[in-house]
Amino acid sequence: MRVGMVCPYSLSVPGGVQAQVLGLAAELRTRGYEVRVLAPCDGPPPTAFVTPLGDSLPTSANGSIAPLAPDPSAALRTMRALRDEQFDVIHVHEPLAPGPAITTTTMHLAPTVGTFHAAGRSSMYRFLGGALGRLAERLDHRVVVSKDALELVQRYLVRGGDAGASYEVLYNGVAVEQIRATPPWGHDRPAILFLGRHEERKGLRVLLEALRRVPTLDVTCWVAGDGPDTQHLRDEFASDPRLEWLGRISEDDKLARLRGASLFCAPSLHGESFGVVLLEAMAAATPVVASALDGYRNVVTDGVDGVLVAPGDAEALATALVDVLSDASLAGRLVAAGEARAEQFSMAGLAARYGEIYARIASRATG
């Protein structure tokens, strides 16, 4: 079966949706599906099975900056690729996002699955919900990656009494075996890892303020990623020698850092649909400390397979960091439970379910 998988975000920029697209496509290919990923790329495609659709444009979206390609040239490249490839099934992620995704959904050249990732709030859904809801109804199968994502689409996209607008909840997947096979990044003292865009929503400032409250904590804090707040935060916290600013890192380096870290911290303040990076840390046998957001509660049970603290509470976060790093017994319990939790979200299981969906909508289309 030939499957076209469309991602609206540039694959040259690290992100949760991008990682899911590439990971799912790779797993499906091991199962015999001929998958091609169509997406913007700001540079060479990351793998041979990617068709680049041009450069992205940083686009403001709900408190963040998304690497979208909403320009007409990207739409034309998308239309050309879809017509040339003659896919049996098309799988479009964030099917209403500007650029290649909404172009694909509108064209509907083959049986199409749409996976909705966003949660929290969406100005686009709020102002254009009626028209976007009618467009979403054209999808042959609709998936959301969490209960929070489901709540968002039900609030704005589902018309009352429309039985055809149902959505299946399929949580994101994790490449458990690949993560466990990655050699850990070496270091000479305990390391805390932060991954994410340096913006208010991701809560990096809260982590740095938490570390400031425990100046005697002997750790290295790996700060991966970049964003609009990077330079300001580097200047403000320049006196802390424990901080190691990594900039953007590759997927391989990300996995190695996850495997090597003593603790993974996700201090986000809002807007998280599903904590796949928390599951990646669990699969890497690394304890997790995160904000008690609804999206993260999809993954973590506080005190069982991770520690959750109130969003924005630097004092509580500092206490949690010290507790986990100083108590080997607690860290060991979190790691053991986390590894078991990650197994429940394997990418292999997710790919198998999508394979069933592809087969069903393809057979329905051929009668």
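Residues numbered from 1 in each chain as written. Predicted model: local features only at pLDDT ≥ 70, side-chain atom pairs only at ≥ 80, totals over all residues. Heavy atoms only, no water.

We note that E94 has phi near 45 degrees; this positive angle belongs to a residue other than glycine. Relative to the assigned elements, E94 resides in the loop between β6 (89-93) and α3 (100-107). For E94, a relative accessible area of 6% corresponds to the buried category. Even without a glycine there, the phi angle at A285 is positive, about 65 degrees. Within the fold, A285 resides in the loop between α10 (276-283) and β14 (288-291). (Helix = DSSP H or I, 4+ residues; strand = E, 2+ residues; numbered from the N terminus. Buried < 20%, exposed > 50% of the residue type's maximum accessible area, 1.4 Å probe, protein only.)

The buried fraction of strand β5 (residues 64-68) amounts to four of the five residues, a majority that puts the element mostly inside the structure. When strand β4 (residues 57-61) meets β5, the two strands line up antiparallel, connected through five bridges. The partner of P58 across the bridge, within β5, is P67. (Pairing = 2+ DSSP bridges.)

Before going further, it helps to examine the state of the cysteines. Applying the stated criterion to the full structure yields zero disulfides. Just so you know, C221 is unpaired, no disulfide at all, and the nearest cysteine sulfur is the one on C265, 7.7 Å from it. Looking at C265, the relative accessible area reads 1%, which means it is buried. (Disulfide = S-S within 2.5 Å.)

Mapping S363 onto the fold places it in helix α14 (residues 347-366). Separated by 252 residues in the primary sequence, S363 and P111 have C-alpha atoms spaced 9.4 Å apart. A distance of 2.9 Å separates the side chain of S363 from the backbone oxygen of R360, its partner in a polar contact. (Polar contact = N/O pair within 3.5 Å; in protein donor to acceptor, adjacent residues only side chain to side chain.)

Take the packing of aromatic side chains next. Within the structure shown, the criterion is met by six aromatic pairs. Each ring, one from Y33 and one from Y358, has its centre 6.2 Å from the other, and the planes form 75 degrees; the classification is edge-to-face. In this pair, Y33 is assigned in the loop between α1 (16-30) and β2 (34-39) and Y358 in helix α14, connecting sequence segments 325 residues apart. Each ring, one from Y354 and one from Y358, has its centre 6.1 Å from the other, and the planes form 25 degrees; the classification is stacked. (Phe/Tyr/Trp six-rings, centres within 6.5 Å; stacked < 30°, edge-to-face > 60°.)

Formed by 90 residues in total, the largest nonpolar core has its most connected members in M5, V37, F116, L278 and Y354. Element by element, the count of residues in this core is highest for α14, at eight residues. The contact partners of Y354, leaving out residues within four places of it in the chain, are L24, H91, V113, T115, V143 and L170. In terms of nonpolar packing, the next biggest core, distinct from the first, is built from 31 residues, V206, A210, F237 and L317 among them. (Core = buried A, V, L, I, M, F, W, Y, C linked by side-chain atoms within 4.5 Å. Contact = heavy atoms within 4.5 Å.)

This part takes up the environment of P190. If you trace the backbone, P190 turns up in the loop between α6 (176-181) and β10 (191-195). Look at P190 and you get partly exposed, because its relative accessible area is 35%. Not counting residues within four places of it along the chain, the set of residues in contact with P190 comprises D218, V219, T220, S262 and L325.

The buried charged residue E94 lacks any salt bridge, with R201 as its nearest oppositely charged partner at 10 Å. The contacts of E94, once residues within four sequence positions are left out, are P8, Y9, A101, T115, F116, H117, A118 and Y125. (Lys, Arg positive; Asp, Glu negative; His and termini not counted. Salt bridge = Lys/Arg side-chain N within 4 Å of Asp/Glu carboxyl O.)

This part is about the sheet that holds strand β7 (residues 112-116). To summarise the sheet geometry, strands pair through backbone hydrogen bonds and adopt either a parallel or an antiparallel arrangement. Read from one edge of the open sheet, seven strands run β3-β2-β1-β6-β7-β8-β9, paired in parallel fashion. Edge positions in the open sheet fall to β3 (50-52) and β9 (168-169), since each of these has one partner strand only. Across four bridges, strand β1 (residues 2-6) lies against β6 in parallel orientation. Each bridged residue has a counterpart across the sheet, and for V6 the counterpart in β6 is V92. The strands touched by helix α2 (residues 72-85) are β1, β2, β3 and β6; relative to β2, the strand with the most contacts, the crossing angle is about 170 degrees. Contacting β7, β8 (141-144) and β9, helix α5 (residues 147-156) runs over the sheet at an angle of about 125 degrees to β8. (Axes fitted to C-alpha atoms, helices over the stretch in contact; angles between N-to-C directions.)

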